[in-house]
Amino acid sequence: MTRGEAWLFHVANALVAATGVGYALAAYVAEAEDPYAIVHHPLQPSLQHAHVALAPALVFALGVIWARHAQPRVASGAKARRSSGIFLLALALPMVCSGYAIQLVVEPSWRTCWVGVHLVTSGLWIAATLAHVLRRAPARARGEEPAATSPRSSSGLSSSELEVGWRPTIPS
């Protein structure tokens, strides 16, 4: 995975998380001055629109992360931060699908259900992403790499092959 791909993921993730948390606070925590108001906070519509507009960038970044980072590590047997990475992969599908379902369903009970799924999986996603990324920070600060990205891992792949765009070759 290149630095540009990593930045794409981190920026998209931060923007989607910030607009999502802001929208959730505006929609579910803020109290409207008018008891009949549909919008609880003046920024609520803007935050919702920004969240929905930015979410496809995160979905695209997730595809890039899968192809250039996660799948090669799973295929190579790399172990570093694998449990948090697999947890993130497990959260991605319900988070993304529930986000789209919120926009598509009309029945209020189903909408409430999908909002709940989206809030829970998104909250867990934010926490797990921070844990996954920050687990590497102490080793990197000491000038060390995690075991799976040492010069030659148990899979036989070098750290550059694991970290910087290694792709499996497909015979023609």
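Source: prediction; values computed, not measured. (Residues numbered from 1 in each chain as written. Predicted model: local features only at pLDDT ≥ 70, side-chain atom pairs only at ≥ 80, totals over all residues. Heavy atoms only, no water.)

Asker: Got a sec to walk through the overall build of the protein? Specific residues and values, please.
Answerer: Each helix and strand counted, the protein has six helices and zero strands in total. Taken from the N to the C terminus, the helices and strands of the protein come in the order α-α-α-α-α-α. Per-residue burial for the protein yields a buried fraction of 35% across its 172 residues. For the protein, the proportion of contacts with a sequence separation of at least 24, taken over those separated by at least 6, is 64%. Of the accessible surface of the protein, which amounts to about 10700 Å², a share of 69% is contributed by carbon and sulfur atoms. (Helix = DSSP H or I, 4+ residues; strand = E, 2+ residues; numbered from the N terminus. Buried < 20%, exposed > 50% of the residue type's maximum accessible area, 1.4 Å probe, protein only. Contact = heavy atoms within 4.5 Å. Areas by Shrake-Rupley, 256 points an atom, 1.4 Å probe, with all protein chains shown as cover.)

Asker: With reference to specific residues and values, describe the nonpolar core.
Answerer: Residues Phe9, Leu58, Leu62 and Trp125 are the most contacted members of the largest nonpolar core, which totals 16 residues. Contributing elements (two or more residues each) for this core: α1 (3–29), α2 (44–76), α3 (82–104) and α4 (108–134). Examining the composition of this core, we find that five residues originate from one element, α3, more than from any other. Filtering out sequence-adjacent residues up to four positions away, Phe9 remains in contact with Leu58, Ala61, Leu62, Ile65, Trp125 and Thr129. (Core = buried A, V, L, I, M, F, W, Y, C linked by side-chain atoms within 4.5 Å.)

Asker: Report on the packing of α3 against α4, specifying residues and quantitative values.
Answerer: Contact geometry for α3 and α4: axes closest at 8 Å, N-to-C directions at 150°. Judged on the interaxial angle alone, α4 and α3 are roughly antiparallel. For the element pair α3 and α4, the recorded crossing hand is left-handed. Looking at the contact of α3 with α4, its residues break down into 14 nonpolar, 10 polar and one charged. (Axes fitted to C-alpha atoms, helices over the stretch in contact; angles between N-to-C directions. Parallel < 35°, antiparallel > 145°, perpendicular 65-115°, else oblique. Left-handed = near helix turned anticlockwise from the far one by under 90°. Nonpolar A, V, L, I, M, F, W, Y, C, P; charged D, E, K, R; others polar.)

None of the figures reported here should be taken as evidence of function without further support.
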